Structure formats: C-alpha cells, structure tokens
Amino acid sequence: MQQYVIGIILLSIGIYLFRDPAEKKRTVVGHYALGISINNTRLYKIFGLIGAIIAYFTYESYIASYIPSDFPIPQSIVVVLILLIGAFIARSFVQTTEDFISVGGPTILFVFSYDYLKFERNIDILDYISKLPAIPNITNDVLEYILLLMVIFLSYLFRRILRRSMPIILAGFFSGLLIANGLNILFKGVLPTSRQELELQVSGIIAILSISYQIYFNRKKRNERKISKQEITPKKPTNIEITCPACLEYTVHKIINRKETNDGVEVLIQCTGKNVFDTICGNYQTVSETNQ
C-alpha cells in the first residue's frame, strides 16, 4: 500500500510541474541583479515543500531528542522555524543550482567537450589550430585578444539564454522523471531499487514534451499580454483646417506646438495657404483646442 501512495504522490507532483507558468517574478539581488529577473516557478515551491518535509522528519528523528524540556521557546514555534529553515534551504539549493548552470554551464561544457574529444576520440583541437596558416597583419597577441572577446560574448549570450530557459528545463526534467516513475510504481506495485529500474527513456520523452509545451504556452501568454497592452489611442492631428486672419483663406494650418494652460490647450499653428501674391502665407496664430 505504501508504494502506491508514493507512486500517486510522484505522479501528482510530476503533473503539477508539467506546465510551469512563469507569471510571477522573484527579486534578484547581488551580482546577479543585472536587469534580469528569474521566474518564481512551481519547481521552487515543490522543493520548498520537500525541504520542509525533510526538515520535519529530521527534527523528529534527531533534533527533538537534544532539545531540553525547559527550553524557553515553545515546541510549536521551534517546529515552525525548522520547517521554514528546511524550505528555505531546499528552495535556495534549486535557485543556486540554476544560477550555477546558467553562469558556469557554457565554460564547463567547453572544457568537458575538449576533454572528451582529446581523451575519448583522440582529437586534439589545439593540434588542428596550430596547423592553420598564419593570418597576415595579425599577431598572436591580437589573435588571442580576438578569441577572448569571442569567448566572452558567447558566454554572455548563452548565459542569458540559459538563465531564461533553466526554470523550464528543470521543471520539464523533474516532471518527466516523476511522471514516468510514478506510473511505473503504480503499474508494477514495487519501488525501484537501482538506477537500471528507472524509466529514463520514458522520462526523457515526457521531459521533451513538457519543455516544448511550456515554451509554446509561455510564448503564447507573452503575445497575449503584448496585445492586451496595446491600447488604441487616437493620434493627435499634425494639421488643421481653419480660416487664416491674414490671407482670409479657409486652408490647412500646420500645428507647431501645443501648450496646456489653466483655460485649456493652446495650439500654435502656421498657415500653409497662398495669399493674393501666390506665395505661402506663413502667418502664425494661437487657437484653443477642444475635445470633440
């Protein structure tokens, strides 16, 4: 019976994480606050709950026996503090993991890729680079400087991409892992005892579906918000038709300036019509603007 309860819990959490709506934001402080806000996702809430549960069992199993009976703080308050600390640690762990992958991911990927090619495939990239012909008028120092700028730019670009996509990737990964193994437990009635018994292939398929759906859903929500924010506002006219007191013609006047006063909006206009001498009148006058 216990394994079915665990399977249902895993399946429920996996379904909960399948679509992670990125609506709220968490404030980023320190050197990460570079105009980038990170989504307050369901993944953080789930890990906060898991951290609180682990902290509670840890308190009941180990910490409670060390607390004296005459401890000045009531036991209920101690339990609440333990739960909050556990939730905070677990939530911070996920956020730190996300930040670490976003910041150090491109560099670590480059190092691991170089080591894999060199030691597993016997391909040394530096040997191929040394065989390239020399570039005229570019010294090695200048070439190293150019390569350094390229690496910095690519690292910054991938960092921004990863920072925005990591919540979706992590939520999809855990969703696939929990849904696939939760269903496996419910169908087989036994808990997996080794890594070989985990449904990794099915987990990967569900994770890809979850990530694809989240990207589509978040993009759709952003487009809907953009459309809703676009208010249809009437454009202010750039010219008006009025009778000019100088040339006495009812013609087009160009609006030069608007000025708000206590009596309303005063508009400075210039006549663009032609007078009796067949030249542009150019007379200036001030009129009051009324809402129609």
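Calculation notes
- Sequence order as written defines residue numbering, which begins from 1 separately in each chain.
- Residue-level local features of this predicted model are given only where pLDDT is at least 70; pairs of side-chain atoms are given and counted only at 80 or more, and the full residue set underlies all totals for whole chains, interfaces and linings.
- To get the side-chain values, all heavy atoms of the structure are used, and hydrogens and water are removed first.
- The way it works is a 1 Å grid over only the protein atoms, where trapped points that fit a 1.4 Å probe form a cavity and open points with protein on both sides within 12 Å along at least five of seven lines form a pocket, and then any residue with an atom within 4 Å of a point lines it.
- Grid points are joined across faces, edges and corners, and a volume is the space filled by probe spheres set on the points.
- Each helix is a run of DSSP H or I of at least 4 residues and each strand a run of E of at least 2, with the numbering of both proceeding from the N terminus.
- Classification convention: Asp, Glu, Lys, Arg as charged; Ala, Val, Leu, Ile, Met, Phe, Trp, Tyr, Cys, Pro as nonpolar; all other residues, Gly among them, as polar.
- Accessibility here uses a 1.4 Å probe with only protein chains present; expressed as a share of the type maximum, an area under 20% marks a residue as buried, one over 50% as exposed, and anything in between as partly exposed.
- In the analysis that follows, any N or O atom pair within 3.5 Å is treated as a polar contact, provided that within protein one partner can donate a hydrogen and the other can accept it, and provided that, for residues neighboring in sequence, both atoms belong to side chains.
- Any two residues having at least one pair of non-hydrogen atoms within 4.5 Å are treated as being in contact.
- In this analysis, the expected span of each helix is defined as 1.5 Å times one less than the number of residues it contains.
- In this context, the arc is that of the directions from the helix axis out to the C-beta atoms.
- Here, the term nonpolar core denotes a set of buried Ala, Val, Leu, Ile, Met, Phe, Trp, Tyr and Cys residues that are joined through side-chain atoms within 4.5 Å.
- Pairing between strands is defined by DSSP: at least two bridges between them are needed.
- Axes here mean lines fitted to C-alpha atoms, for a helix over just the part in contact, with angles spanning 0 to 180 degrees between N-to-C directions.

A. Local environment of the layout of surface pockets. Roughly 440 Å³ of volume is contained in the second largest pocket. Element by element, the count of residues in the lining of the second largest pocket is highest for helix α5 (residues 140-188), at seven residues. The residue makeup of the lining of the second largest pocket, split by class, is nine nonpolar, three polar and no charged.

B. Inspection of the side chain of His253 at higher detail. The residue His253 is located in strand β4 (residues 250-261) in this model. Take His253: its relative accessible area is 0%, and that puts it in the buried class. Side-chain polar atoms of His253 contact the side chain of Gln285, separated by 3.5 Å. Contact partners of His253, with chain neighbours within four places excluded, come to Asn239, Ile240, Ile242, Thr243, Cys244, Ile269, Gln270, Cys271, Thr272 and Gln285.

C. Structural detail: helix α1 (residues 2-18). Between its first and last C-alpha atoms α1 spans 24 Å; for 17 residues at 1.5 Å apiece the expected length is 24 Å, and the two agree. Among the residues of α1, Gly7, Leu11, Ile13, Gly14 and Leu17 are the ones counted as buried. Take α1 and look down its axis: the buried residues cluster within an arc of 165°, on one side only. Residues Gln2 and Ile15 are exposed on α1 and point more than 90 degrees away from its buried face.

D. Seen up close, the nonpolar core. Counting residues in hydrophobic clusters, the biggest one holds 11 residues: Ile13, Leu17, Leu43, Tyr44, Ile46, Phe47, Val94, Leu162, Met166, Leu170 and Leu178. Among the nonpolar cores identified, the runner-up in size contains five residues, and Ala55, Val78, Val79 and Ile82 belong to it.

E. Seen up close, the sheet that holds β4. The sheet built from four strands is open, its strands ordered β3-β4-β5-β6 with antiparallel pairing. In this open sheet, the two strands that pair with only one neighbour each are β3 (239-243) and β6 (284-289). Mean inter-strand twist for the sheet, computed between neighbouring axes without regard to direction, equals 45°. The pairing of β4 with strand β5 (residues 264-271) spans eight bridges and is antiparallel. Residue Thr261 lies in a different strand from β5, and its bridge partner there is Gly264.

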